[in-house]
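Results of the structural survey
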Amino acid sequence: PDDAGLHLVGWLPDGVDDREVSAHLDEHDIVALPLSFYSERPLPRGGLLLGYAGVPEDEIDDEVHRMAEILTPFRT
């Protein structure tokens with residue numbers, strides 16, 4: 001949950017490459033940019049920038065569940 005804003009960070013487990021995860025989601029028509037893309041230095045762990053401003057509120061829950069299924073191979 002977030003009280004304001006248009007984006008959230010979805011932190012990934014240690015050792016999971018956020019660029020690889022982002023590319024995998026893109027193959028399923030989900031845009032979640034890798035947080036490392038915005039950093040000049042290596043991050044302690046990967047994350048995804050999750051934009052939700054353009055997603056109707058009644059679709060967010062279903063899309064989060066879909067993302068979870070798509071990301072099953074990346075679970076540690």
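Structure first, text after, so check above.
Residues numbered from 1 in each chain as written. Predicted model: local features only at pLDDT ≥ 70, side-chain atom pairs only at ≥ 80, totals over all residues. Heavy atoms only, no water.

Some points on a nonpolar patch on the surface
- On the surface, Val31, Leu33, Phe37 and Tyr38 cluster together to form a nonpolar patch covering roughly 440 Å² of accessible area.
- Tracing the chain through its elements places Phe37 in the loop between strand 2 (33-34) and strand 3 (47-51).
- The exposure class of Phe37 is exposed, given its relative accessible area of 55%. (Patch = residues over 30% accessible without salt bridge, like charges linked within 9 Å, V, L, I, M, F, W, Y side chains within 5 Å. Areas by Shrake-Rupley, 256 points an atom, 1.4 Å probe, with all protein chains shown as cover. Salt bridge = Lys/Arg side-chain N within 4 Å of Asp/Glu carboxyl O. Helix = DSSP H or I, 4+ residues; strand = E, 2+ residues; numbered from the N terminus. Buried < 20%, exposed > 50% of the residue type's maximum accessible area, 1.4 Å probe, protein only.)

Some details on unusual backbone geometry
- The backbone phi angle of Asp29 is positive, close to 65°, even though this residue is not glycine.
- Tracing the backbone shows Asp29 in the loop between helix 1 (18-26) and strand 2.
- The exposure class of Asp29 is exposed, given its relative accessible area of 69%.

A closer look at a negative patch on the surface
- Residues Glu57, Asp58, Glu59, Asp61 and Asp62 make up a contiguous surface patch of negative charge.
- Mapped onto the secondary structure, Glu57 falls in helix 2 (residues 57-70). (Lys, Arg positive; Asp, Glu negative; His and termini not counted. Charge placed at Lys NZ, Arg CZ, Asp CG, Glu CD.)

Side note on the layout of surface pockets
- Approximately 660 Å³ is the volume attributed to the largest pocket.
- Leu48, Leu50, Glu63, Val64 and Met67 are, among the 27 residues lining the largest pocket, the residues nearest its centre.
- Breaking the lining of the largest pocket down by element, the ones donating at least two residues are strand 1 (7-11), strand 3 and helix 2.
- Take the lining of the largest pocket: its biggest share by element is 6 residues, from helix 2.
- Considering only residue class, the lining of the largest pocket consists of 20 nonpolar, 2 polar and 5 charged. (1 Å grid on protein atoms, 1.4 Å probe; cavity = no way out; pocket = protein on both sides within 12 Å on 5 of 7 lines; lining within 4 Å. Points joined across faces, edges and corners; volume = space filled by probe spheres on them. Nonpolar A, V, L, I, M, F, W, Y, C, P; charged D, E, K, R; others polar.)

Keep in mind that these numbers describe shape and distance, not what the molecule does.
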